[in-house]
Amino acid sequence: MVDSGRASWDVAAFSARSHSLLLAAEGGLESRDPATGELVATVGVSSIAEVDDGIARAGSAVRRSAWRNDGALRARVLFRWAARMREQSERLAELLTREQGKTIGQARGELASSISMIEYNAGLARAIYGRSLALKEGVHGVMLREPVGVVAAITPWNYPLNLTIRAVAPALAAGNAVLVKPASLTPAIVVAAMQLLADDELPADIAAVVVGPGGTVGDRMVTHPEIDMIAFTGDSTTGINVMKSAADGLKRVSLELGGKSPNIVFADADMEKALAGAENAIFSAAGQICTAGSRLLLERSIRDEFLERLVARADAMRVGDGLDPATEMGPLVSREQKRTVLDYIGIGRSEGTVLAGGTAVEDGGLEHGNFVRPTIVADLPSDSRLVAEEVFGPVLAVQTFETEEEAVEIANASEFGLACGLWTNDLNRTWRLGRAIESGTIWINTYHHFYGEMEVGGFKRSGIGRQQGVEGLLEFTETKHLNFDSNPTLW
Ligand code: NAD
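Quantities reported herein were computed from a predicted structural model and do not represent experimental measurements. (Residues numbered from 1 in each chain as written. Predicted model: local features only at pLDDT ≥ 70, side-chain atom pairs only at ≥ 80, totals over all residues. Heavy atoms only, no water.)

J.: Describe the site of the ligand, with residues and values.
T.: Around the ligand, a shell composed of 27 residues is seen, among which Thr155, Arg166, Thr238, Leu257 and Glu390 lie nearest. At a separation of 2.8 Å, an oxygen atom of the ligand approaches a polar side-chain atom of Thr238. Relative to its unbound accessible area of 850 Å², the ligand is 86% covered by the protein chains. Elements that contribute at least two residues to the shell around the ligand include exactly helix H5 (160–173), helix H7 (214–223), strand E8 (229–233) and helix H8 (236–248). It is H7 that provides the largest number of residues to the shell around the ligand, a total of four residues. Three or more residues apiece are contributed to the shell around the ligand by two domains, here domain 1 (11–257 + 464–479) and domain 2 (262–451). (Near = heavy atom within 4 Å. Polar contact = N/O pair within 3.5 Å; in protein donor to acceptor, adjacent residues only side chain to side chain. Areas by Shrake-Rupley, 256 points an atom, 1.4 Å probe, with all protein chains shown as cover. Helix = DSSP H or I, 4+ residues; strand = E, 2+ residues; numbered from the N terminus. Domains from an automatic or database assignment.)

J.: I'd love a proper account of unusual backbone geometry, names of residues and values included.
T.: With a phi angle near 60°, Asp379 is a residue other than glycine that sits in the positive phi range. Here the phi dihedral of Lys460 falls at roughly 50°; this positive angle occurs in a residue that is not glycine. Position of Lys460 relative to the elements: it lies in strand E18 (residues 459–460). For Lys460, a relative accessible area of 38% translates into the label partly exposed. (Buried < 20%, exposed > 50% of the residue type's maximum accessible area, 1.4 Å probe, protein only.)

J.: Could you give me a rundown of the pairing of strand E13 (residues 375–378), with the residues and numbers involved?
T.: For a regular strand, side-chain orientation follows a simple rule: the groups alternate between the two sheet faces. Judged by which residues are buried, E13 turns out to be covered on both faces: Thr375 and Val377 on one side and Ile376 and Ala378 on the other are all buried. The pairing of E13 with strand E14 (residues 395–401) spans three bridges and is parallel. Looking at the pairing, Thr375 lines up with Val395 of E14. (Pairing = 2+ DSSP bridges.)

J.: I'd like a rundown of the sheet that holds E13, residues and numbers included.
T.: Spatial strand order, E12-E13-E14-E11-E10-E16-E17: seven strands in an open sheet with mixed pairing. At either end of the open sheet lies a strand with only one pairing partner, and these are strand E12 (353–356) and strand E17 (441–444). For this sheet, the mean angle separating the axes of adjacent strands, direction not counted, is 25°. Sitting on the sheet, helix H11 (residues 335–351) touches E12, E13 and E14, and the angle it makes with E12 is about 120°. Its contacts with the sheet put helix H13 (residues 404–412) on strand E10 (262–265), strand E11 (295–299) and E14, and the angle it makes with E14 is roughly 145°. (Axes fitted to C-alpha atoms, helices over the stretch in contact; angles between N-to-C directions. Contact = heavy atoms within 4.5 Å.)

J.: How would you explain the domain arrangement of the chain if you had to name every residue and give the values?
T.: Each assigned domain of the chain is listed with its residue range as follows: domain 1 (11–257 + 464–479) and domain 2 (262–451). Placing a centre on the C-alpha atoms of domain 1 and another on those of domain 2 gives a separation of 31 Å. Summed over both sides, the interface of domain 1 with domain 2 buries roughly 1,900 Å², with 59% coming from carbon and sulfur. The three residues of domain 1 that bury the most area against domain 2 are Pro34, Ala35 and Trp157, which together make up 26% of that side's buried surface. In this structure, the connection of domain 1 to domain 2 is made through four residue pairs in polar contact (both at pLDDT 80 or more). Elements with a minimum of two residues in the side of domain 1 that touches domain 2: helix H3 (89–100) and helix H4 (104–124). If you tally residues by element for the side of domain 1 that touches domain 2, the top one is H3, at four residues. (Buried area = accessible area lost by both parts, 1.4 Å probe.)

J.: Explain the side chain of Arg466 residue by residue, including any values.
T.: Inspection of the secondary structure assignment puts Arg466 in the loop between strand E19 (463–464) and helix H15 (469–474). Glu256 provides the closest opposite charge to the buried, salt-bridge-free Arg466, at an N-O distance of 5.6 Å. A polar atom in the side chain of Arg466 sits 3.4 Å from the backbone oxygen of Gly458. Apart from residues no more than four positions distant in its own chain, Arg466 is found in contact with Glu256, Gly440, Glu455, Val456, Gly457, Gly458, Phe459, Glu471, Gly472 and Glu475. (Lys, Arg positive; Asp, Glu negative; His and termini not counted. Salt bridge = Lys/Arg side-chain N within 4 Å of Asp/Glu carboxyl O.)

J.: Residue-level account of the nonpolar core, with values.
T.: Most often, soluble globular proteins have nonpolar side chains that are buried together. One finds Trp81, Met85, Met194, Leu197 and Ile230 to be the most contacted residues of the largest nonpolar core, which totals 83 residues. Those residues within four positions of Leu197 in sequence are excluded, and the remaining contacts are Leu21, Val77, Trp81, Arg84, Leu172, Leu202 and Ala207. Judged by nonpolar contacts, the second largest core, of 52 residues, contains Leu298, Val387, Leu396 and Ala419. (Core = buried A, V, L, I, M, F, W, Y, C linked by side-chain atoms within 4.5 Å.)

J.: Let's hear about the sheet that holds strand E20 (residues 477–485): which residues, and what values?
T.: On the basis of which strands lie adjacent, the open sheet formed by three strands has the order E3-E4-E20 and antiparallel pairing. Edge positions in the open sheet fall to strand E3 (131–136) and E20, since each of these has one partner strand only. Geometrically, the sheet is characterised by an average inter-axis angle of 25° between neighbouring strands, direction not taken into account. Direction of pairing for strand E4 (residues 139–147) relative to E20: antiparallel, over a ladder of nine bridges. Paired with Gly141 across the strands is Asn483, a residue of E20.

J.: Hey, could you go over the environment of Tyr451 for me, with residue numbers and the actual values?
T.: Its location among the elements puts Tyr451 in the loop between E17 and E18. Separated by 338 residues in the primary sequence, Tyr451 and Ser113 place their C-alpha atoms 8.1 Å from one another.

J.: Let's hear about the packing of H4 against H5: which residues, and what values?
T.: In contact at an axis separation of 9 Å, H4 and H5 are set at 5° when each is read in the N-to-C sense. Judged on the interaxial angle alone, H5 and H4 are roughly parallel. Residue-level contacts link Glu110, Leu111, Ser113, Ser114, Met117, Ile118 and Asn121 of H4 to Pro160, Leu161, Asn162, Ile165, Arg166, Ala169, Pro170 and Ala173 of H5. Across the contact of H4 with H5, the residue classes tally to nine nonpolar, four polar and two charged. (Parallel < 35°, antiparallel > 145°, perpendicular 65-115°, else oblique. Nonpolar A, V, L, I, M, F, W, Y, C, P; charged D, E, K, R; others polar.)

Put into structure tokens, the structure is as follows:
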């Protein structure tokens, strides 16, 4: 592992424990700081043979160990994992910022919510109840919740830690074995966090990490006959392909996919709060959030004033290295992502009016990073690609509406349905729109607030299934009916 200047990381040796969960013989994948281009870590790439071996051993472990039947054991292991993560959280937050680019404040937030998610699921591990019912004289039915078996968790680069733990913690809490594959842009933070799961009470081979390209290592996991469930978070097109590949083995899938979320501001809203909310919705993590409020829908009567003030906020945002505590928006994760985002801005320039940003930042010591200014584009035709497609960058498309009905129509005119923001002081309207809008999450007078207790997921092209909360854990279980007949004769 090499590094040019700042603290270096050897993720394979990160754990104080000897047991490594990374199934890879040699280092190979270079992880680079998107703010500077510096090498952050080198992580081993798993061969297909290592993936196959890991899956076979996970299958054997989940069938033979006490893990699947002992909720208290699972709770102890998960609580200790959370404690080790908490002890190391500052180091992990720094690694997350260096590898992914988000600000150190956002990285600390991701650590805190990941730890909370582990603890929540650790508690649930002891509360996976079934049901029982007297069906007729002498006949009883018992519904059991059993682990699915071996789960493949395939995760993206934007919230690499949180989205991995959001799948791994409930899968383990429910008694499964898990193989994790992080995105190739952010493997180090996932390997470092997973190493901390190593525990004297964790049965061997119940959890492991494999690293490598989606097209080979990921595809092997999806098509392997001994994988029972795929928990996938990523792009909608990739997710659809994963589902097609999984169909041959009739595998269970949970898909958390893309979005183009509307953030709707009515004239009666608290404007100060809505402005802060609109800024947070699109520029937080440089817009690289599946739930980014990337379409701002403004009631026409407040459009000009709201935009003038939002543009001033965007222009004033401090873009820079995420490790600098003064930075408000970090870089995009890679050069490719920067190119993609600038191409979308080009569409905005030719089809609409760029009100803020619109360019890369290539001075002030930021020339080696992937920085793009917070960008706001108005006056776009409704069929513009910038209105319809997920950019995954700090680019806001502004639309206007006259009536509540029109707001709903514009909000729902999307192939996605992941999240939505509503800003209004009219309680009855919040209920009407809360029901009318096709979206897995609707934030009312807030945005981007997630709770481990509350399920998330997508309508339409944004996904299938739910994660987090009790339902999120139950996705990782199979339902079984035991039927008891104590009568002396059959019927
Ligand atoms: P991606 O689809 O390119 O990759 C996600 C993961 O899938 C990576 O680990 C990748 O290596 C793997 N992969 C790629 N091809 C594969 C294949 N054929 N078989 C198996 N695995 C394969 O997504 P990304 O660029 O890493 O992440 C950005 C996307 O993720 C955005 O669309 C964003 O909206 C979405 N996302 C959704 C949520 C959510 O909760 N709904 C959360 C975060 C990100």
